Amino acid sequence: MFMFTQEDEKKIDKIVKKYPFKQSALLPLLTLVQRRDGYVSPEAMRAIGGKLELSPGYVQSVMSFYTMYHSEPTGKYIILFCHNISCQLNGADDLFAHTGEKLGVKGGGTTEDKKFTLHKEECLAACCGAPMMRINDTFYENLTKEKIDKILDSLP
Amino acid sequence: MTQILFKNIDMEGLNSIDVYESQGGYKSLEKAFAKKPDEIIEMVKASGLRGRGGAGFPAGLKWSFLAKDVFPRYLACNADESEPGTCKDRELLEKNPHLLIEGIIITCYACRIETGYIYLRGEFQHASDLMDRAIEEAYAKGYLGKNIMGSGSNLDLYTHLGAGAYICGEESALLNSLEGMRGEPRLKPPFPAVEGLYGKPTVINNVETLCVVPWIINEGPEKHAALGTEKSKGTKLVSVSGHVKKPGNYEVVMGTPIREIIYDMAGGIRNDNELKAYIPGGSSTPMLPASKVDVLYDYESIQAAGSMLGSGALIVMDHTVNVVEATLRLTYFYMHESCGKCTPCREGTRWMWQLLNQLQNGTGTNEHVDKLLDISDNMSFKCFCPLGDAAVAPIVSGIQHFRSDYDELIKKLTTDTVAG
């Protein structure tokens, strides 16, 4: 059963006050739930819609437009692995394959222990540090196989 | 060399208000508030500052298009930086957030705006957190809020995070996203200066553009107009990436030779390889061959060479690159990011990706290349928004300058078939 916590409610009040119209708070609320739960369930969509006077269908239609919202549970760590031009030129394809093999999710997906979700991602604006990946909120740049192994092994 | 944006960029603690102020930060506000709003707009016009997000439209002129006497008005700062190859705004946001806030305060005063939003791409959570902290500091010092520095001017400023959609960098899609909708572009006109956020007059500027404003107020528009070329004034942040020895963001005076940027600033090509091609202004701008390396980095020179300055992302490719493979990746990107609202872009990008895939796999023919050009022709200036034009840029320019890369893949098929 989906519930907003008291702390969530405080955050939501603060978010909604930023805008003259409540609907503008839709992306921030989806982000709040995505970050808290790792995905946005249909119940959560209903709850968000309830807060903002939007139908669950509308919430879903907006949510489905943006790639950072997940409708299925994700791992504790979401790895966005850039494969766009600057990273491609610097060997991102090999490194992505290496990461997939290391985690046992060739081509991307969520590991069995639900620790990692690996995604091939479009440009993340770190082109001068290519090849790069983002794990949750942190950018890791100038990657090598050794560096990736070290980063992944160090995450609790 | 004059540094407008990157003068102290690597100074420790610059993103805190105390260090920023110790370097003369927020000093332009007093000067700005001593002038009338319209005078500021005239100053920015006289400076020759053009939008740094991609289109290069004169910033002061854009502000002067705001619908007269319609209030409230809004400011939306475009920090959706998603153009492949571009990473300059992130550096400004993370290392010098107060410079952006100072630029926004002046812009809002000039345009009589009391509410501003910084729209950051969803992946910029860290930059957004730093920005939120900087905004809080600015409120505490009285630079934001009611009656700023006794000027009678008010401004509330907020961050707003997107959630992963390249198209939201297009200004009207950004507005839709900010209003809690799918990030699809709007039909123009009306332009945002007339009917923008919540149907009200709205100023939309890129991070880099707004960051130049305090310098213009401090140093005077003449000094800015004296930098650069006849029509491209000031400096530009250039993100140099790809096959260079020292990739990075470099601030160059408009009109700097591209050869100097690649070989002096960025250290030249990796392993001293041969330069094959470069993309001058982000993935949406046509690629150019090595023979054009002496072109100057300014709007007009790059246009005359057959491309665009765009967002200032210089992507460098050495002789090991197969242009078809690079183009395939960019085409995948546009297919992935097409919002699906209009048919030529939604269908065209997918079709082009399929054709390129076949060429890359060695199953393509000359007809594939002809078809690519035909689809490109049917997309150019015929899509709802500029994403369609961007999608055809690498394809048309790649075929124009590097047809031999395509021919090689096609020849392989013919040879294999004959041998088989």
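So, how was this worked out
Residues numbered from 1 in each chain as written. Chains lettered and ligands numbered in written order. Predicted model: local features only at pLDDT ≥ 70, side-chain atom pairs only at ≥ 80, totals over all residues. Axes fitted to C-alpha atoms, helices over the stretch in contact; angles between N-to-C directions. Helix = DSSP H or I, 4+ residues; strand = E, 2+ residues; numbered from the N terminus. Parallel < 35°, antiparallel > 145°, perpendicular 65-115°, else oblique. Left-handed = near helix turned anticlockwise from the far one by under 90°. Contact = placed C-beta atoms within 7 Å. Nonpolar A, V, L, I, M, F, W, Y, C, P; charged D, E, K, R; others polar. Buried ≥ 20, exposed ≤ 12 C-beta atoms within 10 Å, placed from the backbone. Pairing = 2+ DSSP bridges. Right-handed = clockwise from strand over helix to strand, strands pointing away. Domains from an automatic or database assignment.

## Concerning the packing of helix α1 (residues 6–16) of chain A against helix α2 (residues 26–37) of chain A
All names here are of chain A.
Reasoning step 1: Across the interface, α1 lies against α2 with an axial gap of 10 Å and an inter-helix angle of 160°. Regarding the angle of α1 to α2, the classification is roughly antiparallel. Read as a crossing pair, α1 and α2 show a hand that is right-handed. Contacts from Asp8, Lys11, Ile12 and Ile15 in α1 reach Pro28, Leu29 and Leu32 in α2.
Reasoning step 2: For the contact of α1 with α2, the residue count by class is 5 nonpolar, no polar and 2 charged.

## Digging into the pairing of strand β2 (residues 115–120) of chain B
Residue and element names in this part refer to chain B.
Reasoning step 1: Of all 6 residues in β2, 6 are buried, a share of seventy percent or more.
Reasoning step 2: Relative to β2, strand β1 (residues 74–79) runs parallel, the two sharing 6 bridges. From the neighbouring strand, leucine 75 faces β2, where its bridge partner is glycine 116.
Reasoning step 3: One ladder, built from 6 bridges, connects β2 with strand β3 (residues 156–161); its direction is parallel. Across the sheet, tyrosine 117 pairs through a bridge with tyrosine 158, a residue of β3.
Reasoning step 4: One crossover worth recording links β2 to the parallel β3 by way of helix α7 (residues 125–140), and it is right-handed.

## Brief notes about the interface of chain A and chain B
Reasoning step 1: Of the residues lining the interface, 33 residues belong to chain A; the matching set on chain B comes to 45 residues.
Reasoning step 2: Every element with two or more residues in the side of chain A that touches chain B is listed here: α2, α4 (56–63) and α5 (85–89) of chain A.
Reasoning step 3: Across the side of chain A that touches chain B, the residue classes break down as 21 nonpolar, 8 polar and 4 charged.

## Regarding the sheet that holds β2 of chain B
All names here are of chain B.
Reasoning step 1: If you walk across this open sheet you meet the 4 strands as β3-β2-β1-β4, and the pairing is parallel. Of all the strands in the sheet, the pair left with one neighbour each is β3 and β4 (202–206). Pairwise comparison of adjacent strand axes, ignoring direction, gives a mean angle of 20° for this sheet.
Reasoning step 2: On top of the sheet, α7 reaches β2 and β3; it is set at about 170° to β3, its chief contact.

## Overview of the sheet that holds strand β9 (residues 288–289) of chain B
Residue and element names in this part refer to chain B.
Reasoning step 1: If you trace the 5 strands from one edge of the open sheet to the other, you get β6-β5-β11-β8-β9, paired in mixed fashion. On the outer flanks of this sheet lie β6 (248–253) and β9, each paired with one strand and no other.
Reasoning step 2: Bridge count between strand β5 (residues 235–242) and β6: 6 bridges; the pairing is antiparallel. By the bridge assignment, lysine 236 is partnered in β6 with valine 252.

## Comments concerning the domain arrangement of chain B
All names here are of chain B.
Reasoning step 1: When its domains are assigned, chain B resolves into domain 1 (17–225), domain 2 (235–318) and domain 3 (323–419).
Reasoning step 2: Using C-alpha coordinates to define each centre, domain 2 is positioned 23 Å away from domain 3.
Reasoning step 3: Facing the 8 residues of domain 2 at the interface are 12 residues of domain 3.
Reasoning step 4: Class assignment of the residues belonging to the side of domain 2 that touches domain 3 gives a composition of 5 nonpolar, 3 polar and no charged.

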